[in-house]
Amino acid sequence: MLKQIEGSIAVAEAIALCRPEVVCAYPITPQTHIVEGVGALVKSGALENCEFINVESEFAALSVAIGASAAGARTYTATASQGILFMAEAVYNAAGLGLPIVMTIGNRAIGAPINIWNDHTDAMSVKDAGWIQLFAETNQEAVDLHIQAFRLAEELSSPVMVCMDGFILTHAYERIDVPTQEEIDAFLPPYDPVQVLDPVEPYSIGAMVGPEAFTEVRYLAHEKQLQALRLIPEIGAVFKDVFDRESGGLIHPYRTEGAETIAVALGSVNGTIKEVVDAMRDEGAAVGSISICSFRPFPLDELEATLAGAKHVVVIEKSLAPGLGGILASNVRMALREMAVPVYTVIAGLGGRPITMASLRGILEAAAKGRLPDVQFLDLDHGAVEREILRARGIRRSGPTAENILKSLGAAAVAGDE
Amino acid sequence: MTEETALQRVKFYQTGTHTVGNRLIDKGARSVQSSMDRSNAITSGHRACQGCGEALGARYALDAAMRAAEGQLVAVNATGCLEVFTTPYPETSWQIPWLHSLFGNAPAVATGVAAAMRRKGRSEVKVVAQGGDGGTTDIGFGCLSGMFERNDDVLYLCYDNEGYMNTGVQRSSATPPTARTATTPALGDAPGNVFGTGKNLPLIAMAHNIPYVATASVAYLHDLEDKVTKAMHIPGARYIHIMVPCPLGWGTASDATIHIARMAVESGLFPLFEAEHGEVTRSNKIRRRVPVKDYLAPQRRFAHLFKKGQEDTTRIARLQRMADANIERFNLLGERESP
């Protein structure tokens, strides 16, 4: 049913239609509206047979989810930013135990400096924890990916993280087709666990494993991700049959036929990138883009095939590996290891910095001319950075960097007014 | 004359041990452990040290819980000695559904198991969570307090051996003053763990007003079983704090575990009591009071208090005062009417 609705509330409604049996909630911006929405549906009785548990931390939220999932319940939670770091130990544990928990990340920067706005540092911090990580491009896709996530998680017995950009998606009101209960029931079978705590058939889950078998257990975790590479498109196809729209899959190429310069990105920024691609195509530029939906498992073969004809690959990413550059770009380079094509890293949108069409166009045009550095920070205020480097160079006790950058920006603004 | 009445006519008391042989008491009063139909929740063959108090305490507690739950029990375990010595194949000891997740989250995991059981229509399945003192009083404290505060339907068992024994005997917030550990060495002006630190988890549990809190000891196994059985029949959050001496960490003989545990209780340092909804309802009276010094002296972790010719009378007296305060607070000599 079409609704003009906030992204978080649409996701909450979709989660409820998936009939979760245990939902754990701990507040952190910007995912709060999602668990609040699910909580209201439980409290009103609209979502029956569901335990909604208010816990004392994100670590507890995922830990409760671990217990519930191991006891055979369909389990959901959501978090963001510092929350995922606080639960990091349980993030690895849920994957190691192979528990099909679905968790939303309302993507947000990680401090210090504390910052509540969008980037992908939180998801990247646990990219190798063994979870499947799906990135939504739109709120419609966020809704659809959650529905697919339960099926994927339960078929593989692996946890799935659905990443949706904080504020840009979570707090945006737009037209969304929220499925009906009948549609979801037709798509999502009841959860049939591969392992469950049951006195009828007692066994130990979470036993210690030494060097004699640890590598094999870890290999099987890798193998499970490789299975997901096959399953994700299959589930996307079944989804299309039931819901009559494309959602999910591994990657979404956009106007890549004959494109010499191709932008690659995760999440909602792909909407802006597509607008830029359209504008530049209208002017005859050979540009295209790829939105990566499945970041883990990483679709190496699909990217290699789609980027085969490209002369310049521009990875636009909302995260930073300090001391290296790009995380997504490093992964894309792995896909292109057989090809002599430059892969540029553009660090963009950190801590909610807007990514404008003008800036993206500048990047793509520079890339087409081979004039991009390996690593570029989009719209970096070089003046502010240089002033701070100079200021701090002369004083041992130079004080906190963040505060001094803000002071410097304030002073520059005042000077500009005068 | 029936066999039953023949048993009743025997008037024999095993002096010095406070233990009445199970054969000598009414069937109904015999221990769960003495019964042929005990569940053997933790079987033999595990890798615990000789004389391990935790292995003994867990075995008695879980078999009692299994009987009370009529076999419908799931156990959640924090990381620690109990988890390590019971799980590596082929020494796996658990005969009941058992889940280990992390060091600091056993109470939250147990909450999740209980919630799932309710939603799956399996409310008859009861949930026990268990951990050592480190997993309970330190790293798992946040999750434990959350589980208490929500009054989740979980019985939490803390096996307290007063330190991080699994990692090589480091200090926890349950380590007593003056005890030597790897991180509180017996050096300097204030050897061992310092006075004025640590937390009393049973009292903190009581402050959550949960339905049931108790302390127990492996020296009083009938009492331990009784408390577990009672707790298993109460809905909501329940907490039992069980003293389990550690021969390795305490520096005691492996055949002295019960004796040491008994002296902890008889000295007043480890009071046995029950509390309901935040109020102490009963305390176990000390039958033969012993000086704290007698409890401390056989333990190498307190050896620095008993150096030849320079016994640390000041610190021993201070520990005695702690025991005396417990005796007064919990009425352990029965001088008042209640509790």
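What you see is a predicted model; the values in this text were computed from it and never measured.

Engineer: Before we go on, may I ask you to explain the sheet that holds strand β11 (residues 261-266) of chain A in this structure?
Structural biologist: Strand pairing in a sheet relies on backbone hydrogen bonds. The paired strands run either parallel or antiparallel. All names here are of chain A. Spatial ordering of the open sheet is given by β10-β12-β11-β14-β15-β16, a layout of six strands whose pairing is mixed. Of all strands in the sheet, those with a lone pairing partner are β10 (251-254) and β16 (375-377), marking the two edges. If you compare each strand with its neighbour and ignore which way they point, the axes differ by 20° on average. Pairing between strand β15 (residues 343-347) and β16: three bridges, direction parallel. Within β16, the residue paired with Thr345 across the bridge is Val375. Its contacts with the sheet put helix α10 (residues 269-282) on β10, β11, β12 (287-292) and β14 (312-317), and the angle it makes with β12 is roughly 165°. Of the strands in this sheet, β11, β14, β15 and β16 are in contact with helix α13 (residues 357-368), which crosses β14 at around 150°.

Engineer: Help me understand the interface of chain B and chain A, please; the structure alone is not making it clear to me.
Structural biologist: The accessible area lost on association of the parts is a frequent measure of interface size. The interface of chain B with chain A comprises 37 residues on the first partner and 35 residues on the second. At the boundary of chain B and chain A, one finds five salt bridges. There are 14 residue pairs in polar contact (both at pLDDT 80 or more) connecting chain B and chain A. Counting only elements with at least two residues in the side of chain B that touches chain A, the list comes to β1 (73-77), α3 (81-86), β2 (98-100), α4 (106-119) and α6 (141-149) of chain B. It is α4(B) that contributes the most residues to the side of chain B that touches chain A, ten residues altogether. Within the side of chain B that touches chain A, the residues separate by chemical class into 18 nonpolar, 13 polar and six charged.

Engineer: How should I be thinking about empty space enclosed by the protein in this particular structure?
Structural biologist: Picture a little ball the size of a water molecule; that probe, rolled over the atoms, points out where space is still empty. Residues and elements named next belong to chain A. Applying the stated criterion across every chain yields a total of one cavity of 30 Å³ or more. Within this model, the largest cavity holds a volume of roughly 50 Å³. Looking at the largest cavity, the residues that line it are Leu134, Leu145, Gln148, Leu152, Ile232, Ile235, Gly248 and Gly249. Of all the secondary structure elements, the ones that give two or more residues to the lining of the largest cavity are α7 (139-156) and α9 (214-243). Among the elements that take part in the lining of the largest cavity, α7 stands out by supplying three residues, more than any other. Split by residue class, the lining of the largest cavity holds five nonpolar, three polar and no charged.

Engineer: Honestly, the layout of surface pockets in this entry has me stumped. Any pointers?
Structural biologist: Residue and element names in this part refer to chain A. The space that makes up the largest pocket amounts to roughly 1,400 Å³. Counting residues per element, the ones that place at least two in the lining of the largest pocket are α5 (88-97), β9 (204-205), α9, α11 (300-306) and α12 (327-335). The element that contributes the greatest number of residues to the lining of the largest pocket is α9, accounting for ten residues. Both domains that furnish three or more residues to the lining of the largest pocket are identified here as domain 1 (2-243) and domain 2 (251-377). Considering the residues around the second largest pocket, the lining is formed by 30 residues, among which Pro113, Leu350, Arg353, Leu380 and Ile405 are closest to the centre. For the lining of the second largest pocket, the secondary structure elements donating two or more residues are α14 (382-393) and α15 (401-417). Here the residues of the lining of the second largest pocket sort into 21 nonpolar, five polar and four charged.

Engineer: Is there a simple way to think about the nonpolar core in this case?
Structural biologist: Inside soluble globular proteins, nonpolar side chains tend to come together where they are buried. Grouped together as the largest cluster of nonpolar side chains are 96 residues, with contacts concentrated most on Val91(A), Trp131(A), Val313(A), Val332(A) and Tyr239(B). Contacts of Val91(A), omitting those with residues within four sequence positions, involve Leu62(A), Ile84(A), Met103(A), Val126(A), Ala129(A), Trp131(A) and Met161(A).

Engineer: Looking at this structure, I do not really get the packing of aromatic side chains. What am I missing?
Structural biologist: How two aromatic rings sit relative to each other is set out by the distance from centre to centre and by the angle between their planes. Residues and elements named next belong to chain A. For the coordinates displayed, the defined rule picks out ten aromatic pairs over all chains. Considering the side-chain rings of Phe135 and Phe295, the 6.3 Å spacing of their centres and the 90° angle between planes classify their relative orientation as edge-to-face. Taken together, the residues Phe135 in strand β6 (residues 132-135) and Phe295 in strand β13 (residues 294-296) connect sequence positions 160 residues apart. Owing to a relative accessible area of 0%, Phe295 belongs among the buried residues under this scheme.

What counts, and at which threshold
Residues numbered from 1 in each chain as written. Chains lettered and ligands numbered in written order. Predicted model: local features only at pLDDT ≥ 70, side-chain atom pairs only at ≥ 80, totals over all residues. Heavy atoms only, no water. Pairing = 2+ DSSP bridges. Helix = DSSP H or I, 4+ residues; strand = E, 2+ residues; numbered from the N terminus. Axes fitted to C-alpha atoms, helices over the stretch in contact; angles between N-to-C directions. Contact = heavy atoms within 4.5 Å. Salt bridge = Lys/Arg side-chain N within 4 Å of Asp/Glu carboxyl O. Polar contact = N/O pair within 3.5 Å; in protein donor to acceptor, adjacent residues only side chain to side chain. Nonpolar A, V, L, I, M, F, W, Y, C, P; charged D, E, K, R; others polar. 1 Å grid on protein atoms, 1.4 Å probe; cavity = no way out; pocket = protein on both sides within 12 Å on 5 of 7 lines; lining within 4 Å. Points joined across faces, edges and corners; volume = space filled by probe spheres on them. Domains from an automatic or database assignment. Core = buried A, V, L, I, M, F, W, Y, C linked by side-chain atoms within 4.5 Å. Buried < 20%, exposed > 50% of the residue type's maximum accessible area, 1.4 Å probe, protein only. Phe/Tyr/Trp six-rings, centres within 6.5 Å; stacked < 30°, edge-to-face > 60°.

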